[in-house]
Number of protein chains: 2
Amino acid sequence: MKILNEGVTAPKGFSAADTAAGIKYQGRTDMAMVYSEADCNVAGTYTTNVVKAAPVIWDRDVVVKGGSARAIVVNSGIANACTGKEGMDICKVTADAAAEALDIKPEQVLIGSTGVIGMQIKAERITAGTKDLATKLEKSFEASERAAKAIMTTDTKHKMIAAEIELSGVKATIGAMTKGSGMIHPNMCTMLCYITTDAAISNEMLQKALSASIVDSYNMISVDGDTSTNDTCLILANGLAGNKLIDSENDDYKTFCEALDYINKELAKQMAADGEGASHLYEVIVNGAKTKDEAVTLSKSVVSSSLCKAAIYGKDANCGRFMCALGYAGVDFDPDMVDIYFESDAGSVLVVSKGAAPAFDEEIALKVLSADAVTVRCEMNAGNASATAWGCDLTYDYVKINADYRS
Amino acid sequence: MKILNEGVTAPKGFSAADTAAGIKYQGRTDMAMVYSEADCNVAGTYTTNVVKAAPVIWDRDVVVKGGSARAIVVNSGIANACTGKEGMDICKVTADAAAEALDIKPEQVLIGSTGVIGMQIKAERITAGTKDLATKLEKSFEASERAAKAIMTTDTKHKMIAAEIELSGVKATIGAMTKGSGMIHPNMCTMLCYITTDAAISNEMLQKALSASIVDSYNMISVDGDTSTNDTCLILANGLAGNKLIDSENDDYKTFCEALDYINKELAKQMAADGEGASHLYEVIVNGAKTKDEAVTLSKSVVSSSLCKAAIYGKDANCGRFMCALGYAGVDFDPDMVDIYFESDAGSVLVVSKGAAPAFDEEIALKVLSADAVTVRCEMNAGNASATAWGCDLTYDYVKINADYRS
């Protein structure tokens, strides 16, 4: 696997575009399109929130019907969630506009929206934007980058990555972009993530690979514990690489999954590090749990704790809060067996030993906690299961961003 | 029932004291004692956190053994949690000092601690403080108030209340004090809460009344989603009112429970309103849910959401976040049936109608959200069950308080 500094247009046959459609934001781009010149197999995972945004319902229908996808149209600014029938109509209008402009079928168009919940998107703006996007499609690093920027909301950085793999000697590529900064506590999926590949892979294997890949990536991050109404992760595979179709769990499938897992984990970490107001990437590793499920539950409890997140922000080695967050996770364990380390590029310091706080050097702890990326490693000493979760610290800026998001 | 502006010394035979023992804080009181001149029946509820502070283990043992209690000794500053065998020894030392000074048995002494986790309490300070408390016991409003102040940590207000009831014509009194501001997400109990009564009531009925009462009071509040290691709620009944012993679910029991429920709900709301950094009491009412459990889950999901709490702080009628938080609660419902109102002393405004956002007057919404106490009322229109949860908004000050709590 070779990691590329590229995005969604890296695989053969994919192009992208961006535009400023005035959906809600002024003075910036707010729509993106991804287009494949050949029909794509497609797989998706979506939010588990009972309240699902209109585009989530639209995409699920397209994927379930097993249709061949050709394009994705995404807008930022308005989430098209809690918008009733009018919201579903907007999806239809968007798909119709894209279909006409690109000479494809409406049911080949996937749709994404992100932004404020409860506002309606103006039909004339999204149709004009969609038509404009169709004229601007480009296959380039710059086009990938501009598309990744257009789908940002409170994100401070665009997020994209690509990887090159060999499938039985044939070169294939996977590209991806994602956005997400607040309302991040994905469950079964993430905020918006769009993955493209020119690998030939069946719908069934594509879904299997994607569903497995999100478990240890997007499902392990949390910025604020709020599972969004719009979480969507889609992967499109157009087969233009020319490899032998992957239709079983063979070596090519494993190679493909390995690259997909790498991409999703990297993007998940980028999202956590760019969490609203974040000043630290906050990683929690749980080792020695009795089962994988317990390791996941423990790590997510610690990564989601407001008090632990505030301590990371304050560079405060307040070790008791981390024991406390393990303790209320809902997993039974012996506190007297637990060791906890704070770790970063600057070193490692043992802050809980057999459940109690040993004397430790506060200066070294401060140095460790001053790094951009901080790891809290919890050794449960109860079994062999591990999990890693990612989040960010809780800062003044998180409150500032979210106390007046709509204005 | 008559509500009294009194505290733990209101019932017959109870006195209280405070002192500055230098446990950790300087220049303020940090220990309190509550004493009964007669033996008390006692009941308790405790944190469900797997990591339990030493005093929680001590109190549970005293209550389980069915012993008759005579005194409670509480310190603030250090939580005596994650302190291993040394922490249990401190409980024994404290109980011994109180027993000697008060001429009672060590197993008649209940203990409470609140503050930083992972630090050890110095034995000589807590024994000196305990002895000093025993010499200062007083039965007065002022003594109740000073005791309630001594157990505060990040609380900005002390919290106490009392009620007078008639049990088959005999006057009885219940008094209480509580503390709690951060690490508040009680489960089976609350932070520290001490209730006294001169009613004659059996151990069994006392535990039944307490266990039932916390369900709709302390278990329905959340400041930050962090369930503490030290949550303890104790009730002592010395029988000095002279009423006929309550040993069944008779009318006197119901009168007693009604007053106890009132007291616990009031103190729970006071704790939520005084949540770390809080500028609003934030109440969430869920009506029309299918079951009580679902109503509880939905209301706690909305009251705990960081994004909803930040919107309350910003007086931002960002209604979609409230739908979103209902949606990820883990309860199945039809979003198209849901109505949501923002309410306060300043009025009521419908912000979600049948799952979508109607046009509403932003100025009225701003007025409603500018009140000190704000209610979000969610009408599920799916059944007849209701629940009410209390929390507070998420503010800069919450982050400030918790980014550097130890220093």
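Above this note sits the structure.
Conventions used here
Residues numbered from 1 in each chain as written. Chains lettered and ligands numbered in written order. Predicted model: local features only at pLDDT ≥ 70, side-chain atom pairs only at ≥ 80, totals over all residues. Heavy atoms only, no water. Phe/Tyr/Trp six-rings, centres within 6.5 Å; stacked < 30°, edge-to-face > 60°. Helix = DSSP H or I, 4+ residues; strand = E, 2+ residues; numbered from the N terminus. Lys NZ or Arg CZ within 6 Å of the ring centre and 35° of its normal. Disulfide = S-S within 2.5 Å. Buried < 20%, exposed > 50% of the residue type's maximum accessible area, 1.4 Å probe, protein only. Axes fitted to C-alpha atoms, helices over the stretch in contact; angles between N-to-C directions. Parallel < 35°, antiparallel > 145°, perpendicular 65-115°, else oblique. Left-handed = near helix turned anticlockwise from the far one by under 90°. Contact = heavy atoms within 4.5 Å. Nonpolar A, V, L, I, M, F, W, Y, C, P; charged D, E, K, R; others polar. Salt bridge = Lys/Arg side-chain N within 4 Å of Asp/Glu carboxyl O. Buried area = accessible area lost by both parts, 1.4 Å probe. Polar contact = N/O pair within 3.5 Å; in protein donor to acceptor, adjacent residues only side chain to side chain.

Novice: Before we go on, may I ask you to explain the packing of aromatic side chains in this structure?
Specialist: Aromatic ring pairs are defined here through the distance separating the ring centres and the angle between the ring planes. For the coordinates displayed, the defined rule picks out five aromatic pairs over all chains. Measuring from ring centre to ring centre gives 5.2 Å for Phe 322 of chain B and Phe 342 of chain B, while their planes differ by 70°; the resulting arrangement is edge-to-face. In this pair, Phe 322 of chain B sits in helix 9 (residues 319-327) while Phe 342 of chain B sits in strand 12 (residues 339-344), placing the two residues 20 residues apart along the sequence. Grouped by ring-pair contacts, the aromatic residues Tyr 313 and Tyr 396 of chain A together with Tyr 313 and Tyr 396 of chain B constitute a single cluster. The ring of Tyr 341 of chain A has Arg 377 of chain A sitting right over it, with the charged end atom 4.2 Å from the ring centre.

Novice: Hey, could you run me through the state of the cysteines in this one?
Specialist: Working definition of a disulfide: a covalent bond connecting the sulfur atoms of two cysteines. All names here are of chain B. Enumeration over the complete set of coordinates arrives at zero disulfides over all chains. Considering cysteine sulfurs only, Cys 233 is the nearest to Cys 40, which forms no disulfide, with 15 Å between them. Look at Cys 40 and you get buried, because its relative accessible area is 1%.

Novice: I keep staring at the packing of helix 7 (residues 292-304) of chain B against helix 9 of chain B and nothing clicks. Help me out?
Specialist: Angle between the axes and distance between the axes: these two values describe a pair of packed helices. Residues and elements named next belong to chain B. At a closest axis distance of 8 Å, the pairing of helix 7 and helix 9 adopts a crossing angle of 135°. On the basis of the axis angle, helix 7 is oblique to helix 9. Relative to helix 9, helix 7 is oriented so that their crossing is right-handed. For the pair helix 7 and helix 9, the contacting residues are Leu 298, Ser 301 and Val 302 in the first and Phe 322, Ala 325 and Leu 326 in the second. Of the residues belonging to the contact of helix 7 with helix 9, the class tally is five nonpolar, one polar and no charged.

Novice: I'm lost on the pattern of salt bridges in this one. Help?
Specialist: Pairs can form between side chains of opposite charge once their charged atoms are near each other. Applying the stated criterion across every chain, the model contains 28 salt bridges over all chains. Across the pair Asp 96 of chain B and Lys 92 of chain B runs a salt bridge, and its minimum N-O distance is 3.0 Å. Taken together, the residues Asp 96 of chain B and Lys 92 of chain B, both in helix 2 (residues 84-102) and four residues apart, mark about one turn of the helix. Classification of Asp 96 of chain B by relative accessible area gives partly exposed; the value is 31%. Judged by its relative accessible area of 40%, Lys 92 of chain B falls in the partly exposed class. What you see here is one network of salt bridges that share partners, running through Asp 155, Lys 159, Lys 179 and Asp 274 of chain A.

Novice: Explain the interface of chain B and chain A here, please?
Specialist: Size of an interface: often given as the accessible area lost when the parts come together. Counting from both sides, the interface comprises 51 residues of chain B and, opposite them, 53 residues of chain A. Roughly 4,100 Å² is buried in total at the junction of chain B and chain A, and carbon and sulfur atoms are behind 61% of that figure. Where chain B touches chain A, the interface holds zero salt bridges. The interface formed by chain B and chain A contains seven residue pairs in polar contact (both at pLDDT 80 or more). Where the side of chain B that touches chain A is concerned, the elements lending two or more residues are helix 8 (306-313), helix 9 and helix 11 (396-403) of chain B. Among the elements that line the side of chain B that touches chain A, the one with the most residues is helix 11 of chain B, at six residues.

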